[in-house]
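Chain by chain, the residues:
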Amino acid sequence: MSATSSFDSSLASHRDTTQPLRCLVTGGAGFIGSHLCKGLLDQGHDVTVIDNLSTGRRINLPEHHPCLRFIQSDLAAALPALGKGELFDEIYHLAAAVGVKLIIADPINSIETNITQTSAILRFAHERGGIPILIASSSEVYGKSTKVPFSEEDDVHYGSTTVTRWSYAMSKAVDEYLALAYHQQHALPVAIARFFNTVGPGQVGDYGMVLPRFVQQALNSEPIEVYGDGSQSRCFCDVRDIAAALPVLLRTKSAHGRVFNLGGQTPITIQELAQRIIYNVGSSSIIKHIPYTQAYAPGFEDLAIRRPDTSRVRSEINFSQRIGLDQTIADVAAWITAGKGPGVAQWNVKWDVKMEAQR
Ligand code: UDP
């Protein structure tokens, strides 16, 4: 049985959302973006997606929907082409180069994509009259800090610039600086969400994300490839919980000019994750340990513990994790078994999370 889920049109906010809003979603064909678009469309809003399909998939979005417009383009090229009369009520900026493997394979493109596109969309939001904008950031921003858990106001700690991995963290940090600067200098309504290990149907393992890779390996009865000794831990959160929180955050005035961790609460080691997936899927896979040097590149630094402090987002919008890890694993397995063909748009979920702005 698939998870019942959220995006309730009664989500409280500072604005009247009973009227359809005109939403611009960059990276809307991607993993998180497509769940967000589905929710916005289900709420009756008009959605314009700009996505260059570098990692996103068109099939993640409905092929034909009267309220959906899809523009396949790089963001910096698409924005100037949007006519001045074209109005948007809110923007969700999720277009980014994602996945550690992708960043290591193509660092120039990753750095440029993340910084130039965010710069372009923030300028656009400002020049079009101060459109509220949500900026997707990442737990990578904390770098290799060993503090547990990570809180939004913590110091960050990066490795040397000769270690490619940290370029992603730095680029997302620059995105955050830019967004906060627009808020400070131009009162642009900006909310920043730092995603922690978001998982669920629609996520492909091609760019290194652990959960879909393990589920795929388990389904194929192949060895589950655990990097290092598997003692590193993460807190996973289902994408449907994450996506449902984004409009609530953006529509909450007191969230503007602030950063929010968004993620799960329960840590699990990667070894335990592998065991749990083998058990849940009913697989005969064995666990194989792969040295980091073989999995990534020499000098790669993995994080031993990555855990978010989510007290801020919980108190601000009453965020909570509704879909547990076992349900997510089951849904990812069902999605993969269906042939990875059906995109998120066809993934039948009824979103049901109740989050509210507190003021
Ligand atoms: N990982 C793994 N096998 C894989 C992919 C990832 O053991 O096939 C490990 C990875 O080294 C990390 C954890 O799983 O310790 C989570 O990896 P992911 O890339 O999903 O997230 P992040 O490292 O960004 O938290």
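In this report, we go over the structure that sits alongside the text. (Residues numbered from 1 in each chain as written. Predicted model: local features only at pLDDT ≥ 70, side-chain atom pairs only at ≥ 80, totals over all residues.)

1. Examining the packing of helix 6 (residues 210-219) against helix 8 (residues 270-281)
1) Next: Between helix 6 and helix 8, the shortest axis-to-axis distance is 9 Å and the interhelical angle comes to 40°. In terms of orientation, helix 6 and helix 8 fall into the oblique class. You can see that helix 6 and helix 8 cross each other, and the crossing is right-handed. Across the interface between the two elements, Val210, Phe214, Val215, Ala218 and Leu219 from helix 6 touch Ile270, Leu273, Ala274, Ile277, Ile278 and Val281 from helix 8.
2) Next: Residues that form the contact of helix 6 with helix 8 fall into these classes: 11 nonpolar, no polar and no charged. (Axes fitted to C-alpha atoms, helices over the stretch in contact; angles between N-to-C directions. Helix = DSSP H or I, 4+ residues; strand = E, 2+ residues; numbered from the N terminus. Parallel < 35°, antiparallel > 145°, perpendicular 65-115°, else oblique. Left-handed = near helix turned anticlockwise from the far one by under 90°. Contact = placed C-beta atoms within 7 Å. Nonpolar A, V, L, I, M, F, W, Y, C, P; charged D, E, K, R; others polar.)

2. Overview of the sheet that holds strand 9 (residues 233-235)
1) Next: An order of 12-9-14 is seen for the 3 strands of this open sheet, with the pairing classed as mixed. Each edge of the sheet is formed by a strand with only one pairing partner; in this case those strands are strand 12 (267-269) and strand 14 (305-306).
2) Next: The pairing of strand 9 with strand 14 spans 2 bridges and is classified as parallel. Across the sheet, Ser233 pairs through a bridge with Ile305, a residue of strand 14. (Pairing = 2+ DSSP bridges.)

3. Some words on the sheet that holds strand 2 (residues 46-51)
1) Next: The parallel open sheet is built from 7 strands, whose spatial order is 3-2-1-4-5-6-11. Because the sheet does not close on itself, it has two edges, and the strands there are strand 3 (68-72) and strand 11 (258-262). Taking the axes of each pair of neighbouring strands and ignoring which way they run, one obtains an average angle of 20° across the sheet.
2) Next: Pairing geometry for strand 1 (residues 22-26) and strand 2, over 5 bridges, is parallel. Pairing of Arg22 across the sheet is with Asp46, part of strand 2.

4. Some details on the pairing of strand 5 (residues 133-138)
1) Next: In terms of burial, strand 5 is largely enclosed, as 6 of its 6 residues are buried.
2) Next: Neither face of strand 5 is exposed, since Ile133, Ile135 and Ser137 on one face and Leu134, Ala136 and Ser138 on the opposite face are all buried.
3) Next: Note that strand 4 (residues 90-93) and strand 5 share 3 bridges and pair parallel. Residue pairing in the sheet places His93 in a bridge with Ile135 of strand 5.
4) Next: In terms of strand pairing, strand 5 meets strand 6 (residues 190-195) through 6 bridges, oriented parallel. Paired with Ser138 across the two strands is Phe195, which belongs to strand 6.
5) Next: Read from strand 5 through helix 5 (residues 165-186) to strand 6, the crossover connection turns out right-handed. (Buried ≥ 20, exposed ≤ 12 C-beta atoms within 10 Å, placed from the backbone. Right-handed = clockwise from strand over helix to strand, strands pointing away.)

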